[in-house]
Amino acid sequence: MELRKTDVIVVGSGPTGLMLANELALAGVGVVVLDRLAERSGQSKALNLQPRTAEVFDLRGLLEPVRRYALGNWGSGHFGGRPLTYEGWETRHPYQVHIPQAGVERALEERLAEQGVQVSRGHELVGFTQDDAGVRATVRTAAGELRVEAEYLVGCDGGRSTVRKQLGVEFPGTDASLFAFVADVFLVNRPATIPTRLRSVHDAIGRRSDKGSGGLIPMGEPDLFRLIYTSAARPDRTVPVSVDEITSALHALYGNEVEVGEVRWASRFTNATRQAAQYRVDRVLLAGDAAHIHFPAGGQGLNLGVQDAMNLGWKLAAQVQGRAPDGLLDTYHTERHPVGARVLDNTRAQTLPPQPSPETLAMHRLITDLAKLPEANRHLAGMVSGLDIHYPFPGPPHPLLGRRLPDIELTPGNWSSTLFHPAKAVLLTTSPDHLKTAAPWSPQVNATLIPTLPTPATLTRPDGHICWTPPPNDPTPDSLLTALHTWFGTPPSRP
């Protein structure tokens, strides 16, 4: 049996796995990415990047490469079909990037190849064992079985995750009660009621009939649309979506003159909602859909997975390289599990049961009225977009602690996001004393003196979340020193 050795095995090459592999490679960690499919599917699947994910990509110089495959921007989001704006969130990206998941994967895989890492396609994980020495994975390939040894393994292999099942992690939640499908279709006859351009996705998906609800979203090519349709029917999920089923849905929503020419791709989905009880078991971790599944309300799944990877990548790299302080890797679960749970809650709140009761309809009418209030709209937009994520960091209480650092224009045309491209922490300060304090951590912390800042100083982790800012009346660097030790361990010794 052939043997390969690496630092980390990533199982799955969707957006979560590819983002994590990029983070590890950028930190100089060896990574092997396994995918059971012989080639990338090319299926469009998810359709958008939320504003926080656009910021995350910008922190690594990935946003413009991703935009090459985008179809445009949507100026607003939605909560259960109710329009949301991103005003008041101090973001340079107050919109959703309209991009098929295939485009995100392509851009991430291209960046990974630039770092010298190729996805091992046609490589199916069969099983693994772990102990104090590391992880040993058995992989099935067309040429026979392969053994891969590593220090850690991360399951990014989707809702039916082999890694999660073999790990024996509980996956509690609720079974499906709502059934839907998506289909990318070419229309040969398109009435004027079907728009070719949309400013926001909620303009399209809010159509209803006595049979179901949904709508069409233009996909950038002439006459190509994404159909999203939910009905009270309970189909067998193993049966492919048929042309007749798609046609029937289109007729219910847009009239009988609509004709389907070709179905490029179709898939069923439900509102089954589950979350892994643990994101880490010793040397094996879970991320993305392997850790959580939910109804795709607002397109939050891809974004949640990419942000899982952003949170995990720098911590796992530090662990592998022996520079992580005690407990750092455990903060992946303690920080991301509550974020995932909140997404599961809000996606549940956005769905009506197949046969809504007067009580549920009344609740949704109330939510509709509340969403029109500016402060409520801002709250919902921050929640769905990920812009409001607030980690419970240690340290003196401060309104910025644990929150994302907005992109700051340091000098004309020079933004703070570029300082994060090497995946280091960033210290922005008006004080030379802070620079001296942080100097021993220079391999891990990019310290920059800025004459004027909205606050005297911020220390921000590689994932863009502020982990220190001077407490009031703190004339000494002691609190900064504590934060540096807390997040980045003992500074490397100098020769």
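Above this text is the structure in question.
How each quantity is defined
Position numbers for residues count from 1 along each chain, tracking the sequence in the order it is written. With the structure being a predicted model, the display of local features is reserved for residues of pLDDT at least 70 and the display and counting of side-chain atom pairs for 80 or more, all residues being used for whole-chain, interface and lining totals. As a convention, hydrogens and water are excluded, and side-chain values are obtained from all of the structure's heavy atoms. Helix and strand assignments come from DSSP, with helices taken as H or I runs of at least 4 residues and strands as E runs of at least 2, each series counted from the N terminus. It is over C-alpha atoms that the radius of gyration is taken, and the globule rule equals 2.2 Å times the number of residues to the power 0.38. For the exposure calls, accessible area comes from a 1.4 Å probe over protein chains only, and a residue counts as buried if that area is under 20% of its type's maximum, exposed if over 50%, partly exposed in between. We call two residues contacting when some pair of their heavy atoms lies within 4.5 Å. Note on areas: these come from Shrake-Rupley sampling with a 1.4 Å probe, and a residue is covered only by the protein chains present in the view. As used throughout, the charge tally considers Lys and Arg to be positive and Asp and Glu to be negative, leaving His and the chain termini uncounted. For this purpose, a charge sits on NZ of Lys, CZ of Arg, CG of Asp or CD of Glu. Definition of a polar contact: a pair of N or O atoms within 3.5 Å, with one able to donate and the other able to accept a hydrogen when the atoms are protein atoms, and with sequence-neighbouring residues admitted only if both atoms are side-chain atoms. A strand pair is defined by DSSP finding two or more bridges across the two strands. Here an axis means a line fitted to C-alpha atoms, over the contact stretch when the element is a helix, while the angle between two N-to-C directions is reported on a 0 to 180 degree scale. Salt bridge, as applied in this entry: a Lys or Arg side-chain nitrogen positioned within 4 Å of an Asp or Glu carboxyl oxygen. Viewed with both strands pointing away, a crossover whose connecting path from the first strand over the helix to the second turns clockwise is right-handed.

## Structural notes on the overall build of the protein
Counting secondary structure elements, the protein contains 13 helices and 29 strands. Scaling as 2.2 N^0.38, a compact globule of 495 residues should have a C-alpha radius of gyration of about 23 Å, and the protein matches this with 23 Å. For the protein, the spread of C-alpha atoms along the three principal axes comes to 75 × 60 × 40 Å. Here the protein holds 495 residues, and 54% of them are scored as buried. Here the contacts in the protein between residues at least 6 apart in sequence split such that 70% fall between residues at least 24 apart. With the model as given, the accessible surface of the protein reaches about 21,500 Å², and the carbon-plus-sulfur share is 52%. In the protein, which carries 48 positive and 51 negative side-chain charges, the distance between the mean positions of the two groups comes to 1 Å.

## Brief notes about the side chain of serine 385
In this structure, serine 385 sits in helix 11 (residues 374-385). Only 3.4 Å separates the side chain of serine 385 from the backbone oxygen of glycine 382, close enough to count as a polar contact. Of note is the side chain of serine 385, whose polar atom sits 3.2 Å from the backbone nitrogen of leucine 387. When neighbours within four sequence positions are excluded, serine 385 is seen to be in contact with Gln50, Pro51, Arg52, Tyr86 and Gln307.

## Thoughts on the sheet that holds strand 5 (residues 72-74)
The three strands lie next to each other as 4-8-5, forming an open sheet whose pairing is antiparallel. The open sheet has two edge strands, strand 4 (48-49) and strand 5, and neither has a second partner. With two bridges joining them, strand 4 and strand 8 (residues 96-98) adopt antiparallel strand pairing. Bridge pairing in strand 8 places asparagine 48 opposite histidine 98.

## A word on the sheet that holds strand 12 (residues 144-150)
The four strands lie next to each other as 1-12-11-10, forming an open sheet whose pairing is mixed. Only two strands of the sheet have a single neighbouring strand rather than two, namely strand 1 (2-5) and strand 10 (124-131). Neighbour-to-neighbour, the strand axes of this sheet turn through a mean angle of 20°, independent of strand direction.

## A short note on unusual backbone geometry
Here the phi dihedral of glutamate 90 falls at roughly 50°; this positive angle occurs in a residue that is not glycine. In this fold, glutamate 90 is placed in the loop between strand 7 (82-84) and strand 8. Unusually for a residue other than glycine, aspartate 282 sits at a positive phi of about 60°. One can find aspartate 282 in the loop between strand 21 (280-281) and strand 22 (284-286). Residue aspartate 282 is classed as exposed on the basis of its relative accessible area of 53%.

## Examining the pattern of salt bridges
Once their charged atoms are close, side chains differing in charge can pair, the charge on each being opposite to the other. Considering all chains together, one arrives at 25 salt bridges under this definition. A salt bridge links glutamate 335 to arginine 461; the shortest N-O distance between them is 2.9 Å. Pair noted here: glutamate 335 is in helix 9 (residues 331-349) and arginine 461 is in the loop between strand 28 (457-460) and strand 29 (466-468), with a separation of 126 residues, a long-range link. The exposure classification of glutamate 335 matches that of arginine 461, with both residues buried. Overlapping salt bridges, with partners in common, bring together Lys315, Glu335, Arg461 and Asp463 in one network.

## Considerations on the pairing of strand 26 (residues 425-429)
Counting buried positions over the five residues of strand 26 gives five, a clear majority of the element. The side-chain alternation of strand 26 yields two buried faces, one formed by Ala425, Leu427 and Thr429 and the other by Val426 and Leu428. Strand direction decides the pairing type here: strand 26 and strand 27 (residues 445-449), joined by five bridges, are parallel. Bridging across to strand 27, alanine 425 finds its partner in valine 445. After leaving strand 26, the chain enters helix 12 (residues 432-438) and then returns to the sheet as strand 27, a path that is right-handed. For strand 26 and strand 28, the ladder comprises four bridges, and the chain directions are antiparallel. Bridge pairing in strand 28 places leucine 428 opposite threonine 458.

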